[in-house]
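Spelled out, the chains give:
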Amino acid sequence: MEPLPTPAAAEALIRRQVRPLPVESRPLASLAGAVLAQSVRAERDQPPFDRVTMDGIAIQREAWRAGQRRFRIAGTQAAGQPPRMLPPGDCLEVMTGAVLPPGSDCVIPVEQIEVADGWAEVDPAAPAEPFGNVHTRGLDCREGDLLLARGTRLGGPELAVLASAGLPRAEVRAEPRIVIVATGDELVAPGEPIEAWQVRSSNSHALRGALALRGYGRAAEDHLPDDPGVLRERLARHLATHDVLVLSGGVSMGRFDHVPRTLRELGVREVLHRVAQRPGKPLWFGIGPEGQTVFGLPGNPVSSLVCLVRYVVPALEAAAGLAARLAEPVALGAPFRVKPALWYFLPVQLDSSPTLGTVAQPKPTRGSGDFVSLLGTDGFVELPPGPADYPAGHFAPLYRW
Ligand code: AMP
Ligand code: MG
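Please read these numbers as outputs of a predicted model, since none were measured by experiment.

Each value, and the rule that gives it
- Residues numbered from 1 in each chain as written.
- Chains lettered and ligands numbered in written order.
- Predicted model: local features only at pLDDT ≥ 70, side-chain atom pairs only at ≥ 80, totals over all residues.
- Heavy atoms only, no water.
- Near = heavy atom within 4 Å.
- Polar contact = N/O pair within 3.5 Å; in protein donor to acceptor, adjacent residues only side chain to side chain.
- Helix = DSSP H or I, 4+ residues; strand = E, 2+ residues; numbered from the N terminus.
- Nonpolar A, V, L, I, M, F, W, Y, C, P; charged D, E, K, R; others polar.
- Pairing = 2+ DSSP bridges.
- Axes fitted to C-alpha atoms, helices over the stretch in contact; angles between N-to-C directions.
- Core = buried A, V, L, I, M, F, W, Y, C linked by side-chain atoms within 4.5 Å.
- Buried < 20%, exposed > 50% of the residue type's maximum accessible area, 1.4 Å probe, protein only.
- Contact = heavy atoms within 4.5 Å.
- Left-handed = near helix turned anticlockwise from the far one by under 90°.
- 1 Å grid on protein atoms, 1.4 Å probe; cavity = no way out; pocket = protein on both sides within 12 Å on 5 of 7 lines; lining within 4 Å.
- Points joined across faces, edges and corners; volume = space filled by probe spheres on them.
- Patch = residues over 30% accessible without salt bridge, like charges linked within 9 Å, V, L, I, M, F, W, Y side chains within 5 Å.
- Areas by Shrake-Rupley, 256 points an atom, 1.4 Å probe, with all protein chains shown as cover.
- Salt bridge = Lys/Arg side-chain N within 4 Å of Asp/Glu carboxyl O.
- Phe/Tyr/Trp six-rings, centres within 6.5 Å; stacked < 30°, edge-to-face > 60°.
- Lys NZ or Arg CZ within 6 Å of the ring centre and 35° of its normal.

Moving on: the site of ligand 1. Lining the immediate surroundings of ligand 1 are 17 residues, of which E186, S202, N203, G250 and G299 lie closest. A distance of 3.0 Å separates a nitrogen atom of ligand 1 from a polar atom in the backbone of S202. One nitrogen or oxygen atom from the main chain of N203 is found 3.2 Å from a nitrogen atom belonging to ligand 1. Secondary-structure elements contributing two or more residues to the shell around ligand 1 are β13 (178-183) and β15 (199-200). Class assignment for the residues of the shell around ligand 1 results in four nonpolar, ten polar and three charged.

Dropping the structure here:
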């Protein structure tokens, strides 16, 4: 039998297969978290004019150098006003954000002047440097400079740059239409009466939460029984109306695990089934007839959440045109023994150590059904296959929930 792919190989395989999302134009106010599908250049020099950075007076350094310390206040230059000329030998009162009045080349802050009867007396110790307290035109960027490239995720700084480039809208990747599908006859929704032998449906909520925290806040949801006929009919509908299907359960070797066969029958091409990892070994991934991304996550709650973070999120990022990022390495805060000959996803709690900085304290669960033990953890680290002993201080990539 061929060896199963490693998590890194599985991720790479998935990234290569996902179809890019369509591009759409959206208004600036709706772009937080979106991924740019266009480049953005500077509309003007930044700053666009010699900009005063302190409230004070604008003077000519020539006069200062000649020994002048008292200046007649000829008027005011406020932010947003067109430039006014500085009469030679005088000063103009200036405000932060104003244009430096033509004819002046230095701003003395209010803290260093005394004003009386329309005259400003400057502290002789004031530095009065050339273009002191002035942010000169074009210092930050020049008109036409490339500021944002395609494939940039828009957060605060990027949105400020978009707005300053004068763009009321931008081309971004459309939000994927995601549906989360729980499968299993035993599952009962919160709020419904439950028998002792039944199980609360929790995966969809964990998956929805992890997606929402990453900006994918609009996933649809369904619950399907372990019935091949119903699965087939409902999955066909979901394939017709969604870009991404995230199923949980029904992908293992049990007699009622109908998901992989049903998906194949619906024309979903199997790309991956099983990864050399624990938990989450039965992971299934395929591509639908129209390029839909289809994940069959193992039903055990720890497995499904780990697989969402490790594979579904990178797939969504790839579909949006984001480049792959390396997971941040973090040091183990205590030794840990990996027994199985499989890559191991170990839940951890982040903690700070005086010598190692941030460390990951191992918080193993009692198996992949024990989601209660995930409480208080921040994510998981990925350790290479065992049997092996990893000492405290061993660095491993961290994936946050
Ligand atoms: P499966 O992958 O369908 O064999 O399910 C493995 C285990 O996970 C079983 O104990 C299921 O009851 C449990 N399970 C499956 N789906 C869910 C879910 N949506 N919420 C909570 N537990 C689940
Ligand atoms: Mg099941």
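Moving on: the sheet that holds strand β9 (residues 119-122). Across the sheet, which stays open at both edges, the six strands sit in the order β7-β4-β6-β5-β9-β8 with mixed pairing between neighbours. The strands lining the two open edges of the sheet, one partner per strand, are β7 (106-109) and β8 (113-116). Neighbouring strand axes in the sheet, compared pairwise and without regard to direction, differ in orientation by 40 degrees on average. When strand β4 (residues 56-59) meets strand β6 (residues 91-94), the two strands line up antiparallel, connected through three bridges. Each bridged residue has a counterpart across the sheet, and for A58 the counterpart in β6 is L92.

Next up on the list: the nonpolar core. The biggest cluster of nonpolar side chains holds 36 residues, and the ones touching the most others in it are F295, L297 and Y311. Secondary structure elements with two or more residues in this core: α1 (7-17), β13, α4 (203-213), β17 (244-248), β18 (269-273), β20 (284-287), β21 (293-297) and α7 (301-319). By residue number, the principal contributor to this core is α7, which donates eleven residues. With sequence-adjacent residues up to four places away left out, Y311 is seen in contact with P7, A10, E11, I14, V275, Q277, L283, F295 and F345. In this structure, V179, L224, L235 and L266 belong to the second largest nonpolar core, which totals 15 residues.

At a minimum axis separation of 10 Å, α4 and α7 run at an interaxial angle of 35 degrees. Between α4 and α7 lies a crossing whose hand is right-handed. Here α4 contributes N203, A206, L207, A210 and L211 to the contact with α7, which in turn contributes P301, S304, L305, L308 and L316. Here the residues of the contact of α4 with α7 sort into eight nonpolar, two polar and no charged.

It is worth spelling out the layout of surface pockets at this point. Each pocket or cavity is described by its volume, and for the largest pocket that value is around 510 Å³. Taken together, 19 residues form the lining of the largest pocket, with E317, R325, A327, L398 and Y399 sitting closest to its centre. At five residues, the largest contribution of residues to the lining of the largest pocket is made by α7.

Whether parallel or antiparallel, the strands of a sheet pair through hydrogen bonds between backbone atoms. The strand order across the open sheet formed by six strands is β16-β13-β17-β21-β20-β18, and the pairing between neighbours is mixed. Sheet topology places β16 (220-224) and β18 at the edges, where each strand pairs with a single neighbour. With direction set aside, neighbouring strand axes in the sheet form an average angle of 20 degrees. Taken together, the five bridges between β13 and β17 define a ladder with parallel strand orientation. Looking across to β17, one finds that I178 is bridged to V244. Of the strands in this sheet, β13, β16, β17 and β21 touch helix α5 (residues 228-241), which is tilted by about 170 degrees from β16. On the sheet, α7 packs against β13, β17 and β21 and is oriented at approximately 170 degrees with respect to β21.

Within the secondary structure, R366 sits in the loop between β25 (357-362) and β26 (379-383). The spatial distance from the C-alpha of R366 to the C-alpha of P82 is 70 Å, given a sequence separation of 284 residues. Side-chain polar atoms of R366 contact the side chain of S373, separated by 3.0 Å.

Further remarks concern the side chain of R61. Tracing the sequence through the fold places R61 in helix α2 (residues 61-65). Apart from the residues within four sequence positions on either side, R61 is in contact with D105, C106, A128, E129 and P130.

A surface patch of nonpolar side chains, amounting to about 330 Å² of accessible area, comprises F371, V372 and L375. On the secondary structure map, F371 appears in the loop between β25 and β26.

This part covers the packing of aromatic side chains. All chains considered together, the criterion is met by five aromatic pairs. Taken together, a centroid distance of 5.3 Å and an interplanar angle of 20 degrees make the contact between F380 and Y399 stacked. Note that F380 is positioned in strand β26 and Y399 in strand β28 (residues 395-400), a separation of 19 residues in sequence. Of the two residues, F380 and Y399, neither departs from the other in class, the shared state being buried. Arranged with centres 5.5 Å apart and planes meeting at 50 degrees, the rings of F380 and W401 form a pair that is tilted. Linking F380 in strand β26 with W401 in the segment after β28, this pair joins segments that are 21 residues apart in sequence. A relative accessible area of 0% means that F380 is categorised as buried. What links up through ring pairs into an aromatic cluster is the set F345, F380, Y399 and W401. One residue, R69, lies across the ring of W64, its end atom 3.6 Å from the ring centre.

Remember that the coordinates give geometry; whether it matters functionally is a separate question.
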